[in-house]
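Residue-level structure breakdown
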Amino acid sequence: MSELGTIAFGLILIGGAVGGAAFLTWFERRLLGIWQDRLGPNRLGPFGVLQVLADMLKLLTKDDWVPPFADKVVFVFAPTAIVVAMLLGFAVVPFSPDLYIIDLNIGLLFFLAMTSLAVYSVLLGGLASNNKYALLGGLRSAAQMVSYEVFMGLSLMGVVMLSGSFSLLDIVNAQKDLWFFIPQFLGLYVFLIAGIAESHRLPFDLPEAEHELTAGFHTEYGGMKFAMFMLGEYLGLMLISCMIVTLFFGGWLGPWLPPVVWFFLKVFAVICFFILLRCAIPRPRYDQLMSLGWKYMLPLALLNLLVTGAVVLMMEG
């Protein structure tokens, strides 16, 4: 792809990612409504699809208020950081053998770096609000995200061992004979749990904690700033789903259909799984969430690493 084509594709990808996140706000409510035997949004337009437009108009026309007691510069910067970090993460996602922005030989590390930057957004949002509930939500978020980043990184090392590369293109090509979700089922399980915790999806939305911290780190946010936090969350959901498909389910690989169609069908299935998980599992206590990570996810990730390393050495020997 030429430099001009790469720039054009990058702009299309940004627009598609933001549009897809807006669509998911409607699709999630409709899918949960069907799953729970209720209607969901159904008033505006066919099947309520114009509810997205109504929500956007509501957020755009709300007073863009900044609390007088807040650190104004950081308060405004915080919601922007998570959106930028998530959009940058899409730069290394290969949608087909020749449809991607850039193929880095450290693409997997770049993805982990971008997800790590997202913690600054919610932490700074809580700190800059100068509100004790927002501060507690920000601190919870920092502890949760930093902890689960450890398990997320370790869970992927088995994939790196089997493919012999950090390049996402190489990882997909290494799955032509066998998708990695079979030999790396433990790694997939740990990565899935860590991905839910990283993107603040239910049941691990404890940094927002509306049941005890009013709204957590975005208590003082409204209007478009609040919308950017929600946009970052949905972009994170889409990015994690893309990475699960790329790393464990063969990326664009599949028979008959064009590669890009296979990729998006798989991503759509993973997103549906995340949405339905929201109404299937109760929210744990915060201490239970942290215990799950350090007492169970970490040993599982290390076990997967040791077993995969032993198998690879035996195969090479």
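Residues numbered from 1 in each chain as written. Predicted model: local features only at pLDDT ≥ 70, side-chain atom pairs only at ≥ 80, totals over all residues. Heavy atoms only, no water.

A closer look at the overall build of the protein
Of the regular secondary structure elements, the protein holds 11 helices and 0 strands. Ordering the α and β elements of the protein from the N terminus gives α-α-α-α-α-α-α-α-α-α-α. Its C-alpha radius of gyration of 20 Å places the protein within 12% of the 20 Å reference for a compact globule of 317 residues. Across its three principal directions, the C-alpha atoms of the protein cover 65 × 45 × 45 Å. Out of the 317 residues belonging to the protein, those deemed buried represent 50%. The long-range share in the protein, meaning contacts at least 24 apart out of those at least 6 apart in sequence, stands at 78%. Carbon and sulfur atoms provide 72% of the accessible area of the protein, an area that totals close to 15,000 Å². Considering the protein, the positive charge centre built from 17 side chains and the negative charge centre built from 21 side chains are found 10 Å apart. (Helix = DSSP H or I, 4+ residues; strand = E, 2+ residues; numbered from the N terminus. Rg over C-alpha atoms; globule rule 2.2 N^0.38 Å. Buried < 20%, exposed > 50% of the residue type's maximum accessible area, 1.4 Å probe, protein only. Contact = heavy atoms within 4.5 Å. Areas by Shrake-Rupley, 256 points an atom, 1.4 Å probe, with all protein chains shown as cover. Lys, Arg positive; Asp, Glu negative; His and termini not counted. Charge placed at Lys NZ, Arg CZ, Asp CG, Glu CD.)

Observations concerning the environment of F27
Looking at where F27 falls in the secondary structure, it is placed in helix α1 (residues 3–35). Residue contacts for F27: discarding those within four places in its chain leaves F268, C272 and I275.

As for α1
Spanning 33 residues, α1 covers 45 Å between terminal C-alpha atoms, matching the ideal 48 Å at 1.5 Å per step. Largest kink in α1: about 30°, centred on L24. Two residues or fewer after α1 comes D37, characterised by a positive phi angle close to 60°. (Expected span 1.5 Å × (residues − 1). Bend = angle between axes of the 7 residues up to and from the residue.)

Topic: the confidence of the model for the protein
Do not read the fine detail of predicted coordinates wherever pLDDT is low. In the predicted model, the protein carries a mean pLDDT of 85, and 96% of its residues have values of at least 70. By mean pLDDT, the top-scoring element of the protein is helix α10 (residues 259–278) (91), and the lowest-scoring one is helix α5 (residues 132–155) (83). (pLDDT = per-residue confidence, 0-100.)

A word on the pattern of salt bridges
All chains considered together, the criterion is met by 3 salt bridges. For R29, the salt bridge identified is with D55, shortest N-O distance 2.8 Å. Within this pair, whereas R29 is found in helix α1, its partner D55 is found in helix α2 (residues 51–61), the two being separated by 26 residues in sequence. R29 gets classed as partly exposed once you look at its relative accessible area, which sits at 31%. For D287, the salt bridge is made with R285, and the minimal N-O distance between the two is 2.9 Å. (Salt bridge = Lys/Arg side-chain N within 4 Å of Asp/Glu carboxyl O.)

What about helix α3 (residues 72–89)?
Taking 1.5 Å of rise per residue, 18 residues should cover 26 Å, and α3 covers 27 Å from first to last C-alpha, within 8% of that figure. The principal kink in α3, of about 30°, is found at A78, preceding the proline P79 by one to four residues. Buried residues in α3 make contact with α4 (107–128) and α9 (223–248).

Brief notes about the state of the cysteines
Simply put, the disulfide is a covalent bond whose two ends are the sulfur atoms of two cysteines. The full count for this structure, using the stated rule, is 0 disulfides. With no disulfide of its own, C242 has C272 as its nearest cysteine by sulfur position, at a separation of 13 Å. (Disulfide = S-S within 2.5 Å.)

What about the side chain of K225?
Tracing the backbone shows K225 in helix α9. Residue class for K225 comes out buried when judged on its relative accessible area of 8%. Not counting the four nearest positions on each side in its chain, K225 is found in contact with D64, V66, F75, V76 and P79.

Brief notes about the nonpolar core
In terms of nonpolar packing, the biggest core is built from 83 residues, with L108, F111, F191, M243 and L247 touching the most fellow members. The element that contributes the greatest number of residues to this core is α9, accounting for 14 residues. Beyond its immediate sequence surroundings of up to four residues, L247 is in contact with L108, L156, V159, L168, I171, Q175, F180 and F191. (Core = buried A, V, L, I, M, F, W, Y, C linked by side-chain atoms within 4.5 Å.)

As for the packing of α4 against α5
Where α4 meets α5, the closest approach of the two axes is 7 Å, and the angle between their N-to-C directions is 170°. Relative to α5, α4 is oriented roughly antiparallel. The element α4 and its partner α5 pack so that their crossing is left-handed. Within the contact between the two elements, α4 uses F111, L112, T115, S116, A118, V119, V122, L123, G126 and L127 and α5 uses A134, L135, G138, L139, S141, A142, M145, V146, E149, M152 and G153. (Axes fitted to C-alpha atoms, helices over the stretch in contact; angles between N-to-C directions. Parallel < 35°, antiparallel > 145°, perpendicular 65-115°, else oblique. Left-handed = near helix turned anticlockwise from the far one by under 90°.)

What about the environment of I34?
Turning to its location among the elements, I34 is positioned in helix α1. Put simply, I34 and L57 are 23 residues apart on the chain and 26 Å apart in space, counted from C-alpha to C-alpha.

Re a nonpolar patch on the surface
A cluster of nonpolar side chains, L44, V49, L50, L53 and L57, forms an exposed patch at the surface whose accessible area comes to about 400 Å². Summarising the element assignment, L44 is placed in the loop between α1 and α2. (Patch = residues over 30% accessible without salt bridge, like charges linked within 9 Å, V, L, I, M, F, W, Y side chains within 5 Å.)

What about the environment of G137?
Checked against the element boundaries, G137 lands in helix α5. G137 sits in the buried class, given a relative accessible area of 0%. Put simply, G137 and G126 are 11 residues apart on the chain and 6.5 Å apart in space, counted from C-alpha to C-alpha.

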